[in-house]
Amino acid sequence: MYMTSKHLLQVRRHDMIDENGFIKPDAEETEYPDTSNTVEGYVPPETPPTTFSQSEGHFPPTVQGYSTPSPQPQPARRSNSGRVFLVWGLIIGLLLGSVLGGILGNYVVMSNPGTFPWARTVSATYPVGTSGSGTTIVTTEEQAIENAVKIASPAVVQINITSVSQNPFGFSSGTQEGLGSGFIITSDGYVLTNNHVVENATKITVMLKDGREFSGKVVGTDTTSDVAVVKISGTNLPTVQLGDSSTLAVGQKVIAIGNPYGLSQTVTTGVISALERNVQASATENLVGVVQTDAAINPGNSGGPLVDLSGRVVGMNTMIYQDAQGLGFSVSINTAKKVYNAIIKDGKITWPALGIQGATLTTSIAQQYNVKASQGVYIVQITSGSGAEAAGLKAGDVITTIDDKSMTTIDEVLSYIRSKNVGDTVQVVADRGGTTKTFSVVLKALG
């Protein structure tokens, strides 16, 4: 802080005021007194000396013709403390106003993401072992995506394969190379990827983000779910956290990480477009209960993870519809975990089946077959030797609930049965000619 000439003048005048509020004569005024009002020849009466000089031993002489000017009363001057309080009050007021204004502005912006889309916020719970250590953090969507990629990407791998190609007559016609993606789920080197990535592979090389390469070996595969387990030899490898795909919601933001066309560690974003889709993966295989997303997926993304904003894997990117925009599909992570656990335990997985062929009930089906039910799954055919046949279900029945869960589409029936195990018993409620019947069905192995 610095002082101006005005401040110095105020300080000086303040020092010249006596205890009664009058101005003291300064040194210059005392040395050159104003005698314009003094009567010439007038000698003021002698006054008793107020001081005595011991060294001289006499009183100081009185100067003739000199009179001390009478002090004039002056108004009391305001203390500088009032100005100080005023300045500090203004400073504190400005600071408080800035803080309160910032809080209010932030609240308005964050409460209106439609008006301010750049300020959209999300809540992300980061897995234990990461910088978040399981703590829920409210942050911007952009920051959440960056954090999720940092968490998951070190465990995303590129899988290079060499396979033997065959001609139409079944003979070998040389070797061919391909690539896909995968992700490490254990620190000792178990990797999840798609079955079609490693199918018929004679050599597998797994490349990590940090540049390390490992030879891979197929532990087990499942063509029904298009999931494969590959093992590499390593310790303290980076891993991903596996989420719960049953908690996904349509419209939820997700991130795909993989190696499309060999462009390693490519990140794309999108949303969950639909859940529990059943799609035809090949001429003989249908994928059940997959997750649909509009995140960009291309050849080379197969087997890579689909992660949420917390960096947890919720799906395995598997396929796209050719010549379509934003139609990608991922095996749900709950399905992938089930396959992995079965392969590690038994070397393979056996899927349960209800034992029916059916279709979602529509108005046309109801009219054609004179069905009384308004919604459900119309049974077209019963599989011979199945649990459905043993329980007494028949073609023409309409399944409405299973284990007290409403079933309105064939996709819902297939997805729910796939969540069970061979040997489990389910309670099936069906409409038969307007009469409701309940059947206890023991699930058998998918034939």
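Conventions adopted
Residues numbered from 1 in each chain as written. Predicted model: local features only at pLDDT ≥ 70, side-chain atom pairs only at ≥ 80, totals over all residues. Heavy atoms only, no water. Patch = residues over 30% accessible without salt bridge, like charges linked within 9 Å, V, L, I, M, F, W, Y side chains within 5 Å. Areas by Shrake-Rupley, 256 points an atom, 1.4 Å probe, with all protein chains shown as cover. Salt bridge = Lys/Arg side-chain N within 4 Å of Asp/Glu carboxyl O. Helix = DSSP H or I, 4+ residues; strand = E, 2+ residues; numbered from the N terminus. Buried < 20%, exposed > 50% of the residue type's maximum accessible area, 1.4 Å probe, protein only. Expected span 1.5 Å × (residues − 1). Phe/Tyr/Trp six-rings, centres within 6.5 Å; stacked < 30°, edge-to-face > 60°. pLDDT = per-residue confidence, 0-100. Contact = heavy atoms within 4.5 Å.

## Things to note about a nonpolar patch on the surface
Together, Val84, Val87, Trp88, Ile91, Ile92, Leu95, Leu96, Val99, Leu100 and Ile103 give the surface a local cluster of nonpolar side chains, amounting to about 990 Å² of exposed area. Along the chain, Leu95 turns up in helix α3 (residues 80-110).

## Focus: unusual backbone geometry
Unlike most non-glycine residues, Asn236 shows phi in positive territory, near 50 degrees. Along the polypeptide, Asn236 turns up in the loop between β8 (227-232) and β9 (241-242). A positive phi is found at Asn370, a non-glycine position, where the angle reads about 55 degrees. Secondary-structure assignment places Asn370 in the loop between α7 (363-368) and β18 (377-382). Judged by its relative accessible area of 57%, Asn370 is exposed.

## Observations regarding the pattern of salt bridges
Counting across every chain of the model gives 2 salt bridges. Of the charged contacts in the structure, one is a salt bridge between Asp397 and Arg432, with a shortest N-O distance of 2.8 Å. On the criterion of sequence distance, the pair formed by Asp397 in the loop between α8 (387-391) and β19 (398-402) and Arg432 in strand β21 (residues 425-432) is long-range, its members being 35 residues apart. Take Arg432: its relative accessible area is 25%, and that puts it in the partly exposed class.

## Digging into helix α6 (residues 333-346)
With 14 residues, α6 extends 20 Å between its outermost C-alpha atoms, agreeing within 8% with the 20 Å of an ideal straight helix rising 1.5 Å per residue. Along α6, the positions that sit buried rather than exposed are Ile333, Thr335, Ala336, Val339, Tyr340, Ala342 and Ile343. Count one or two residues on from α6 and you reach Gly347, which has phi positive near 85 degrees.

## Observations regarding the packing of aromatic side chains
For the coordinates displayed, the defined rule picks out 3 aromatic pairs. Pairing Tyr190 with Tyr340 gives two aromatic rings, centres 6.0 Å apart and planes at 75 degrees, and the pair type is edge-to-face. In this pair, Tyr190 is assigned in strand β5 (residues 190-194) and Tyr340 in helix α6, connecting sequence segments 150 residues apart. Exposure remark for Tyr340: the relative accessible area of 14% places this residue in the buried category. Measuring from centroid to centroid gives 5.1 Å for Tyr369 and Tyr378, while their planes differ by 25 degrees, and the two rings are stacked. Since its relative accessible area comes to 46%, Tyr369 is described here as partly exposed. The class of Tyr378 is buried, set by a relative accessible area of 9%.

## Details of the confidence of the model for the protein
Per-residue confidence for the protein averages 81 on the pLDDT scale, and 72% of its residues sit at or above 70. Below a pLDDT of 50 lies the segment residues 1-23, which in the model reaches 21 contacts outside its immediate sequence neighbourhood of four places, other chains included. Under a pLDDT of 50 for its full length, residues 27-68 has, in the predicted model, 15 contacts with residues more than four places off or in other chains.

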